Amino acid sequence: MAQLAGGVVVVTTEDADGRPYGFTATSFCSVSMDPALVLVCLAETSSSYEAFMDCRGFAVSLLSQEQRTLATRFATTGADKFHAEDTVTTPRLLPAVEGALAVLDCDVHARHPAGDHTILVGAVRHVLPGRGEPLVYHDRAFQQLRHPEHPRLPRP
């Protein structure tokens, strides 16, 4: 599976006491357009697992190339993940990543056990758009997309 390139996201929520939790993932995709649903997979061994099993909502921040360090920080167990300078709040008051390509503010739609992971399905309630080039993970390393040397041909 290391040969499958994937976009990098940070998924965040808060526990009942308002403490923020988050993790980095590449196992993220769109599920449905109507209703707007997305999914992300969370390992049962994650330090934020319990917070996500109890939460009512979560945010998904699609990371840009400039956010490699942040992606690594959210992937590190025990790290101080939330820094004021790169954290924003979604319309539904969830923590999210400042400067992301987009932030999806989601209600929990469903949770499905899947081996040693849980599949979190989110119903997208708000989208906060951003700009930039996507952060991609492939073959156990962050990669940069290469743009073609020639402009795209117009579509027929």
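What this report covers is the structure whose coordinates are included nearby. Note that the structure is predicted; figures quoted are calculated from it, not measured. Each chain has its residues counted from 1, running along the sequence as written. With the structure being a predicted model, the display of local features is reserved for residues of pLDDT at least 70 and the display and counting of side-chain atom pairs for 80 or more, all residues being used for whole-chain, interface and lining totals. Note that the side-chain values use all heavy atoms of the structure and ignore hydrogens as well as water.

## Examining the environment of Phe-28
Just so we agree on the cut-off: Under the scheme used here, helices are H or I runs from DSSP no shorter than 4 residues and strands are E runs no shorter than 2 residues, and both carry numbers assigned from the N terminus. Note on classification: 1.4 Å probe, protein chains only; a residue is buried when its accessible area is under 20% of the maximum for its type, exposed when over 50%, partly exposed between these limits. Contacts: residue pairs with any heavy atoms within 4.5 Å of one another.
Here Phe-28 is to be found in strand β4 (residues 28-32). For Phe-28, a relative accessible area of 21% puts it in the partly exposed group. When the C-alpha positions of Phe-28 and Cys-41 are compared, they lie 6.9 Å apart, and in sequence the two are 13 residues distant. Among residues more than four places away in sequence, those in contact with Phe-28 are Val-9, Val-38, Leu-39, Val-40, Val-60, Leu-62 and Leu-104.

## Description of the side chain of Gln-65
Checked against the element boundaries, Gln-65 lands in the loop between β6 (57-62) and α2 (68-75). If sequence neighbours within four positions are ignored, Gln-65 has contacts with Glu-133, Pro-134, Leu-135, Gln-144 and Leu-145.

## Focus on the nonpolar core
To keep it simple, the criterion reads: The criterion is simple. A nonpolar core is a set of buried Ala, Val, Leu, Ile, Met, Phe, Trp, Tyr and Cys residues joined through side-chain atoms within 4.5 Å.
Counting residues in hydrophobic clusters, the biggest one holds 17 residues, and the most contacted among them are Val-11, Phe-23, Val-40, Leu-42, Phe-52, Phe-58 and Leu-120. Residue assignment for this core shows that the elements contributing at least two residues are β2 (9-14), β3 (20-25), β5 (37-43), α1 (49-54), β6, β9 (102-114) and β10 (117-129). Residues within four places of Phe-23 in sequence aside, it is in contact with Val-9, Val-10, Val-11, Val-40, Cys-41, Leu-42, Ser-48, Phe-52 and Phe-74. Val-10, Leu-70, Val-97 and Leu-135 belong to the second-largest nonpolar core, a separate cluster that totals nine residues.

## Here's the deal with the environment of Ala-123
Considering the arrangement of structural elements, one finds Ala-123 in strand β10. Along the chain, Ala-123 and Pro-35 lie 88 residues apart, while their C-alpha atoms are 7.3 Å from each other. Residues within four places of Ala-123 in sequence aside, it is in contact with Ala-36, Leu-37, Asp-105, Cys-106, Asp-107 and His-109.

## A closer look at the pattern of salt bridges
Going by this rule: Take a side-chain nitrogen of Lys or Arg and a carboxyl oxygen of Asp or Glu: if they are within 4 Å of each other, that pair is a salt bridge.
For the structure shown, the criterion picks out six salt bridges. Asp-15 is paired through a salt bridge with Arg-19; the nearest N and O atoms lie 2.8 Å apart. Classification of Asp-15 by relative accessible area gives buried; the value is 17%. Residues Asp-107 and Arg-125 are paired through a salt bridge, measuring 2.7 Å at the closest nitrogen-oxygen approach. Of this pair, Asp-107 sits in strand β9 while Arg-125 sits in strand β10, and the two are 18 residues apart along the sequence. Taking the relative accessible area as the measure of exposure, Arg-125 reaches 46% and is therefore partly exposed. Taken together, the salt bridges that share partners define one network made up of Arg-92, Asp-105, Asp-107 and Arg-125.

Spatial relationships are all this shows, so hold off on functional conclusions.
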